[in-house]
Amino acid sequence: MSNTIPNEEDCIELLLEAGCKRRVIIHCCTVEAVAKEIASRIAGVDRDLVEAGALLHDIGRSVDHSIMHAYIGSQIVKGHGLSPALVDIVRKHTGAGLDDEDVAEMDLPPADYMPRTLEEKIVAHADNLVSDNKVVTHAHSVDKLRNKGADRGADRIEALHRELSELYGEDLDVIPGRIGQYPDLPLARSFDLI
């Protein structure tokens, strides 16, 4: 790869090479569809970075399905010599980020896990709006966290949803109706994944 931000096809190749299961790759393609929709109406977003970040956000699931998958994935992306901005997106995509208290409680390697750039925020929230391969409203992720007693994380998702909805110009909960609960995924189809 000559570019440090891989194109869509190269991202799928990286996921396959890492050993990601078909289900994970379809989830990543669904997150990309949501992220592209969010980015389409927000000025100043690096769309190539958003697409690659959305596609690679769960590459760490090739190794681990716990909360550690984000950190592991960031190390995989870093190991391929890809953009540091892409490494950050992968590490920071969980929920609406993890604060220092979360990092300590979850015994994660010390690092910044809070999405700060528009691209980091868009990928993190696009992931919140996808359950497996179904596009959902943000309440799905919020309710899941509240049911686990993770109110701080749920509050962060609510705040991120408000922030990105304002930038988008409309409540992002319109997205399942706009692109469909099961959007068309031509990229996944081109790799015979669906």
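Predicted model only: the values in this text are computed from it and were never measured.

### Quick word on helix α5 (residues 84–91)
Each turn of an α-helix holds 3.6 residues, which means side chains three or four residues apart point in the same direction.
Phase 1 of the analysis: Every buried residue belonging to α5 is among L86, V87, I89, V90 and R91, and all of these are buried.
Phase 2 of the analysis: Taken together, the buried residues of α5 touch α3 (47–56), α4 (69–79) and α7 (118–128).
Phase 3 of the analysis: For α5, the N-terminal cap is S83; the gap from its side-chain oxygen to the backbone nitrogen of A85 is 3.1 Å.

### What to know about the packing of α7 against helix α9 (residues 151–168)
Phase 1 of the analysis: As a packed pair, α7 and α9 sit with axes 10 Å apart at the nearest point and diverge in direction by 115°. Taken together, the axes of α7 and α9 are roughly perpendicular relative to one another. Considering how the two elements wind past one another, α7 and α9 form a crossing that is left-handed. Residues L118, K121, I122, A124, H125 and N128 of α7 touch α9, and the partners they reach there are I157, L160, H161, E163, L164 and L167.
Phase 2 of the analysis: Here the residues of the contact of α7 with α9 sort into 7 nonpolar, 3 polar and 2 charged.

### Side note on the nonpolar core
Inside soluble globular proteins, nonpolar side chains tend to come together where they are buried.
Phase 1 of the analysis: Among the nonpolar cores identified, the biggest contains 54 residues, and I38, L56 and I122 are the most heavily contacted of them.
Phase 2 of the analysis: When residues of this core are assigned to their parent elements, the largest contribution, 11 residues, is made by helix α2 (residues 22–39).
Phase 3 of the analysis: With residues near it in sequence (within four places) discarded, I38 still touches I122, A126, L129, Y168, L172 and I175.

### Observations regarding the side chain of D127
Phase 1 of the analysis: Turning to its location among the elements, D127 is positioned in helix α7.
Phase 2 of the analysis: One buried charge, D127, has no salt-bridge partner; the nearest side chain with opposite charge is R61, at 6.3 Å.
Phase 3 of the analysis: Apart from residues lying up to four places away in sequence, D127 is in contact with H27, V31, H57 and H93.

What counts, and at which threshold
Residues numbered from 1 in each chain as written. Predicted model: local features only at pLDDT ≥ 70, side-chain atom pairs only at ≥ 80, totals over all residues. Heavy atoms only, no water. Buried < 20%, exposed > 50% of the residue type's maximum accessible area, 1.4 Å probe, protein only. Helix = DSSP H or I, 4+ residues; strand = E, 2+ residues; numbered from the N terminus. Contact = heavy atoms within 4.5 Å. Polar contact = N/O pair within 3.5 Å; in protein donor to acceptor, adjacent residues only side chain to side chain. Axes fitted to C-alpha atoms, helices over the stretch in contact; angles between N-to-C directions. Parallel < 35°, antiparallel > 145°, perpendicular 65-115°, else oblique. Left-handed = near helix turned anticlockwise from the far one by under 90°. Nonpolar A, V, L, I, M, F, W, Y, C, P; charged D, E, K, R; others polar. Core = buried A, V, L, I, M, F, W, Y, C linked by side-chain atoms within 4.5 Å. Lys, Arg positive; Asp, Glu negative; His and termini not counted. Salt bridge = Lys/Arg side-chain N within 4 Å of Asp/Glu carboxyl O.

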